[in-house]
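# Close look at the chain arrangement
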Amino acid sequence: MTDDHPTGSAAAGLCAGRVVAVTGAGRGLGRAHALAFAAEGARVVVNDLGVRPDGTPDEEAGGPAGAVAAEIRAAGGEAVAHGGDVATPTGAASLVATALGTYGRLDTLVNNAGFVRDRMLVNLAEDEWDTVLRVHLKGHFLPLQHAAAHWRAQAKAGPPPQARVVNTSSGAGLLGSIGQANYSAAKAGILGLTLVAAAELGRYGVQVNAVAPAARTRMTERTFAETMAAPADGTFDAMAPENVSPLVVWLGSAASEGVTGRVFAAEGGRITVMEGWRPGPTTDRQTRFTPTEAGDTARRLLAEAVAPEPVYGVSG
């Protein structure tokens, strides 16, 4: 076990000396995040279960977590692979234990693991609902809970840590997405989890934020094949997952001090602070409405309100 800081050029990086755990880091966004953290001097715990986009076993995956960890080490960085299922208490606990046992600390948790099982609502099987919520929502909650317990104990024993959590939501969680009721519900749940965790854990030196990325991954490149395709002419690849990672790295660094409980959308060269549910037009008559009066009032208020953004997949 070592707590030494990186040497060489990485020693000057934004995350020099930090230990970062990234779930679902074998491919796509997670891999891009892991490499970007390593490039900024972090020591990285690369988690990936090694499954297909729908969550079924992929025996030919060849150990994606190990491959990314080896890629980081080949570039002069420090990384260790973790192949546990973070949607289980044992797997989540071992993720934190791997960071502590290998590097003696944990500074940042990036929750990114997930998969899709797309189906129109009336055709969505109960197990397809359960498995997607399990991996996305439970797979965020359990690593966060175990990491938070460690940071709380650390804060009670001495100076609070500069701990960071970056959760991964989606535009589907913000707006909804046709054919993805399970995925949209899970990603919306992650937003609620983020807000509560930020409020509860701030006293222990923990900041919790979420990103809603739009990028080319195994989950999106089939569903949105045309819009996610890399440009053939060599121009800026707006859908490359590497475009999202700089924001995630900053949120996972000490430089993001004071930023917590926020949601950011990231796509290509664009970063947007998302503003969630806020009170809009309202009326208070200080007495009970009849159903007809309630309906008339609701219609009047809706006429004054800003129209919601359309759900993904709605034409026109």
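Think of each chain on its own: its residues are numbered from 1, step by step along the sequence as written. Side-chain atom pairs in this predicted model are given and counted only at pLDDT of 80 or more, local residue features only at pLDDT of at least 70, and totals for whole chains, interfaces and linings cover all residues. Only hydrogens and water are set aside when side-chain values are computed; all heavy atoms of the structure are taken into account.

## Brief notes about the packing of helix H1 (residues 28-39) against helix H2 (residues 64-74)
Axis lines are fitted through C-alpha atoms, for helices just across the contact stretch, and the angle between N-to-C directions can take any value from 0 to 180 degrees. Counting from the N terminus, the helices are the DSSP runs of H or I reaching at least four residues and the strands are the DSSP runs of E reaching at least two. Orientation of H1 relative to H2, taken along the N-to-C sense of each, is 25°, at an axis distance of 10 Å. It follows from the interaxial angle that H1 and H2 lie roughly parallel. The two elements H1 and H2 meet at a crossing, and its hand is right-handed. Touching Arg 31, Ala 34, Leu 35 and Ala 38 of H1 are Val 68, Glu 71 and Ile 72, all from H2. Classifying every residue of the contact of H1 with H2 by side-chain character gives 5 nonpolar, no polar and 2 charged. Under this scheme an angle from 65 to 115 degrees is roughly perpendicular, one under 35 degrees roughly parallel, and one over 145 degrees roughly antiparallel; angles in between are oblique. In a left-handed crossing the near helix is turned counterclockwise from the far helix by less than a right angle, and in a right-handed crossing that turn is clockwise. Contacts: residue pairs with any heavy atoms within 4.5 Å of one another. Residue classes follow a fixed rule: Ala, Val, Leu, Ile, Met, Phe, Trp, Tyr, Cys and Pro count as nonpolar, while Asp, Glu, Lys and Arg count as charged, and any other residue, Gly among them, counts as polar.

## Some words on helix H6 (residues 181-201)
One less than the residue count of a helix, multiplied by 1.5 Å, gives the span that helix is expected to have. Between its terminal C-alpha atoms H6 stretches 30 Å, which fits the 30 Å expected from 21 residues at 1.5 Å a residue. For every residue, the accessible area (1.4 Å probe, protein chains only) is compared with the maximum for its type, and the residue is labelled buried under 20%, exposed over 50%, or partly exposed between those bounds. Along H6, the residues classified as buried are Asn 182, Tyr 183, Ser 184, Ala 186, Lys 187, Ile 190, Leu 191, Leu 193, Thr 194, Ala 197, Ala 198 and Leu 201. Along its buried surface, H6 packs onto helix H4 (126-157), strand S5 (163-168), helix H5 (171-175), strand S6 (206-214) and strand S7 (263-267).

## So, the pattern of salt bridges
Salt bridges are identified by distance alone: a Lys or Arg side-chain nitrogen within 4 Å of an Asp or Glu carboxyl oxygen. Applying the stated criterion across every chain yields a total of 8 salt bridges. One salt bridge in this structure joins Glu 71 and Arg 31, with 2.8 Å as the shortest N-O distance. A residue pair is termed long-range when its members are at least 10 positions apart, and Glu 71 in helix H2 and Arg 31 in helix H1 qualify at 40 residues. For Arg 31, a relative accessible area of 26% gives the class partly exposed.

## A closer look at the nonpolar core
For the purposes of this section, nonpolar cores are sets of buried Ala, Val, Leu, Ile, Met, Phe, Trp, Tyr and Cys residues that join through side-chain atoms within 4.5 Å. Phe 37, Val 44, Val 46 and Ile 72 are the most contacted members of the largest nonpolar core, which has 29 residues in total. Elements that contribute at least two residues to this core include exactly strand S1 (19-22), H1, strand S2 (43-47), H2, helix H9 (245-251) and S7. When residues of this core are assigned to their parent elements, the largest contribution, 5 residues, is made by H1. Leave out the neighbours within four places in its chain, and Val 44 touches Val 20, Val 22, Ala 34, Phe 37, Ala 38, Ile 72, Glu 78, Ala 79, Val 80 and Tyr 103. Ranked by size, the runner-up nonpolar core spans 26 residues in total, among them Ala 21, Leu 95, Ala 99 and Leu 106.

## A few points about the sheet that holds S6
Two strands pair if DSSP finds at least two bridges between them. Read across the open sheet, the 8 strands follow the order S3-S2-S1-S4-S5-S6-S7-S8; overall the sheet is mixed. Sheet topology places strand S3 (78-82) and strand S8 (270-274) at the edges, where each strand pairs with a single neighbour. The sheet shows a mean angle of 20° between the axes of neighbouring strands, direction not considered. With 5 bridges connecting them, S6 and S7 associate as parallel partners. Counterpart to Val 211 in the pairing with S7 is Phe 264. Packing against the sheet, H1 makes contact with S1, S2, strand S4 (108-111) and S6, and its axis sits at approximately 170° to S1.

## Observations concerning the packing of H4 against H6
Two elements in contact, H4 and H6, have axes whose closest approach is 8 Å; the angle formed by their N-to-C orientations is 15°. Relative to H6, the element H4 is oriented roughly parallel. H6 is crossed by H4, and the crossing has right-handed handedness. Here Glu 128, Trp 129, Val 132, Leu 133, His 136, Leu 137, His 140, Phe 141, Leu 144 and Ala 148 of H4 lie close against H6, whose contacting residues are Ala 181, Asn 182, Tyr 183, Ala 185, Ala 186, Lys 187, Gly 189, Ile 190, Leu 193, Ala 197 and Leu 201. Of the residues contributing to the contact of H4 with H6, the split by class is 15 nonpolar, 4 polar and 2 charged.

## Quick notes on the pairing of S8
Both S7 and S8 contribute to a ladder of 5 bridges, which runs antiparallel. Residue pairing for S8: Val 263 is matched across the bridge by Met 274. Two successive antiparallel strands, S7 and S8, enclose a turn made up of 2 residues, where Gly 268 displays a positive phi of approximately 55°.

## Digging into the environment of Gly 66
Looking at where Gly 66 falls in the secondary structure, it is placed in helix H2. For Gly 66, a relative accessible area of 33% puts it in the partly exposed group. Sequence separation between Gly 66 and Val 46 is 20 residues; the distance between their C-alpha atoms is 7.7 Å.

## A few points about the confidence of the model for the protein
Across the protein, the average pLDDT comes to 90, with 88% of residues at 70 or higher. Counted against residues more than four places away or in other chains, residues 1-8, with its pLDDT under 50, gives 20 contacts. Within a predicted model, pLDDT stands for the predictor's per-residue confidence, ranging from 0 to 100.

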